[in-house]
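# A closer look at the structure
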Amino acid sequence: MKKVYDVIVIGAGHAGIEAALAAARMGKSTLLTTLEKAGVALMPCNPAIGGTAKGHLVREVDALGGQMGLSADEALLQIKMLNRGKGPAVFSLRGQADKALYHDIMLRVLENQKNLDVLYDETTKILVKDGVAHGITTLENGEIEGRAVVIATGVYLNGRTIIGEETKSSGPVGFKNATHLTDNLLSLGIDIRRFKTGTPARIAKDSIDYDEMEVQEGESDIGTFSFMNDGNLYSQMPCWLTYTNEKTHEIIRKNIKRSPLYNGTIHGIGPRYCPSIEDKVMRFPDKTRHQIFVEPEGRDSDLMYIQGMSSSLPKDVQEEMYHSIKGLTHARFIRYAYAIEYDCINPLELSSSLQVKRIKGLYSAGQINGSSGYEEAAAQGLMAVSYTHLTL
């Protein structure tokens with residue numbers, strides 16, 4: 001007899017992980033499907049957890065039994081409290097995380113979780129009968145039955161990465177994208193939108209002039225994310241602060257017609273708080289500079305993340321504008337900044353429980369709902385599963 005799962009979760013990003021773990025920890029037989037092992041708990045953008053408003057979400061997830069806070073604490077490189085100059089209500093804990101270690105930790109947790117199976121396969125179809133979801137179809141394993149299904153596909157549905165005139169059918173970081181599920185969702189009458197987001201370049205750490213930037217140390221007396229961890233992080237790594245300048249802005253303005261965001265190559269809209277550097281320069285012409293944070297991707301990694309320089313400009317323009325910034329004059333590119341377009345669900349298709357209004361037992365969580373951020377995704381994954389009792 002075929003196994004019938006209580007909950008099937010599609011996607012092992014931050015939403016899918018919390019959804020699958022929550023279901024399994026509630027004693028439900030759970031299946032987590034994802035395209036490939038390397039993409040589990042991937043941090044394709046900034047390898048950090050928390051920040052303004054987001055740090056609060058991590059604590060909420062932790063209080064409800066989620067995994068993000070615990071894993072973030074174990075992978076921390078640096079932690080600090082943001083918004084110190086404002087009232088306590090907006091203090092926000094933010095931690096720089098070791099990207100590879102965070103992936104390893106989450107993978108270990110998933111593989112050792114009771115009631116949870118992990119399947120590396122592409123989901124191609126949601127099985128629906130009489131308005132009720134009853135499983136999925138995968139590319140290699142065929143039909144799998146389940147009493148509730150959570151879609152947590154992030155930015156992978158028909159993903160397309162863009163650098164200037166170069167476009168590639170791809171998920172983030174060059175990973176495989178999902179090319180079948182969108183057509184199925186459309187056939188079910190679900191309204192699909194096209195969104196975009198982006199990420200900055202990764203720079204070789206030995207090519208940066210750190211003495212030309214402002215060092216940003218962590219804090220050692222503020223605790224960590226999880227209420228179940230009362231330790232402090234003492235072995236911290238520094239980050240650095242620098243700024244764009246008028247030369248940087250002039251390079252961007254001169255080449256703005258080569259930006260896919262401005263020449264029509266990219267059609268999707270993006271989350272309001274994830275602007276590219278070209279967006280910031282064009283929308284705020286009165287600003288003479290913008291903050292740029294230079295942050296390590298891992299304790300043993302050779303890559304530095306250049307926060308604040310997200311872009312889809314061509315490679316030659318990226319090199320010119322990065323090299324115009326103090327501390328990055330000799331920057332050597334390991335990976336160029338890129339934009340990514342992907343399919344997402346119109347959130348008006350969802351009820352407050354994150355269940356698709358027209359299909360009982362089908363839920364949606366994370367960036368596929370048009371939101372952005374690892375923390376928002378984790379919170380949605382946990383909340384979507386908390387409502388599956390309405391189906392089960």
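Sequence positions are assigned chain by chain, starting from 1 and proceeding in written order. Reporting in this predicted model follows two pLDDT cut-offs: at least 70 for local features of residues, and 80 or more for side-chain atom pairs to be given and counted; totals over whole chains, interfaces and linings ignore these cut-offs and use all residues. Working from all heavy atoms in the structure, the side-chain values ignore hydrogens and water.

### A short note on the sheet that holds strand β15 (residues 239–243)
For two strands to count as paired, DSSP must find a minimum of two bridges between them. By definition, any uninterrupted DSSP run of H or I lasting at least four residues is a helix, any uninterrupted run of E lasting at least two residues is a strand, and each is numbered from the N terminus. Spatial strand order, β14-β15-β16-β17-β13-β18: six strands in an open sheet with antiparallel pairing. At either end of the open sheet lies a strand with only one pairing partner, and these are β14 (214–216) and β18 (333–335). The mean inter-strand angle of the sheet, taken between neighbouring strand axes irrespective of direction, is 35°. We call two residues in contact whenever any of their non-hydrogen atoms come within 4.5 Å of each other. Axes, fitted as lines to C-alpha atoms, cover a helix only where it is in contact. Angles between the N-to-C directions of the axes lie from 0 to 180 degrees. Sitting on the sheet, helix α8 (residues 315–323) touches β13 (202–204), β17 (303–307) and β18, and the angle it makes with β18 is about 130°.

### Let's talk about the pairing of strand β9 (residues 142–151)
As defined by bridge partners, strand β1 (residues 4–10) adjoins β9 across six bridges and the pair is classed as parallel. Each bridged residue has a counterpart across the sheet, and for Tyr 5 the counterpart in β9 is Gly 146. Inspection of the sheet shows strand β8 (residues 132–138) paired to β9 by four bridges, in the antiparallel sense. Paired with Ile 136 across the two strands is Ile 144, which belongs to β9. Here β8 folds back onto β9 in antiparallel fashion, the turn holding three residues.

### Some remarks on the environment of Asp 183
If you trace the backbone, Asp 183 turns up in helix α5 (residues 181–187). Spatially, the C-alpha atom of Asp 183 lies 18 Å from that of Gly 131, the residues being 52 residues apart in sequence.

### Observations regarding helix α2 (residues 54–63)
Every α-helical turn comprises 3.6 residues, leaving residues that sit three or four positions apart pointing alike. Burial classes follow relative accessibility: with a 1.4 Å probe on protein chains only, a residue under 20% of its type's maximum area counts as buried, one over 50% as exposed, and anything between as partly exposed. Buried within α2 we find Lys 54, Gly 55, Val 58, Val 61 and Asp 62. In a view along the axis of α2, the buried residues occupy a sector of 115°, so they form one face of it. Of the surrounding secondary structure, the elements contacted by the buried residues of α2 are α1 (14–25), β3 (48–50), α3 (68–75), β5 (92–97) and α9 (374–386). The first or second residue beyond α2 is Gly 65, which carries a positive phi of 90°. For this quantity, the arc is that covered by the directions from the helix axis to the C-beta atoms.

### Considering the environment of Glu 320
With respect to the helices and strands, the residue Glu 320 is situated in helix α8. Look at Glu 320 and you get partly exposed, because its relative accessible area is 36%. In this structure the C-alpha to C-alpha distance between Glu 320 and Met 43, which are 277 residues apart in sequence, comes to 27 Å. Beyond its immediate stretch of four places on either side in the chain, Glu 320 contacts Ile 251, Lys 254 and Asn 255.

### Some remarks on the nonpolar core
Residues Ile 49, Tyr 102, Ile 126, Val 150 and Leu 362 are the most contacted members of the largest nonpolar core, which totals 75 residues. Sorting elements by how many residues they give to this core places α1 first, with eight residues. Tyr 102 has contacts with His 14, Ala 41, Met 43, Ile 49, Met 68, Ser 71, Ala 72 and Ala 75, leaving out every residue within four places of it along the chain. For the purposes of this section, nonpolar cores are sets of buried Ala, Val, Leu, Ile, Met, Phe, Trp, Tyr and Cys residues that join through side-chain atoms within 4.5 Å. Grouped together as the second largest cluster of nonpolar side chains are 32 residues, Ile 277, Tyr 336, Ala 337 and Cys 344 included.

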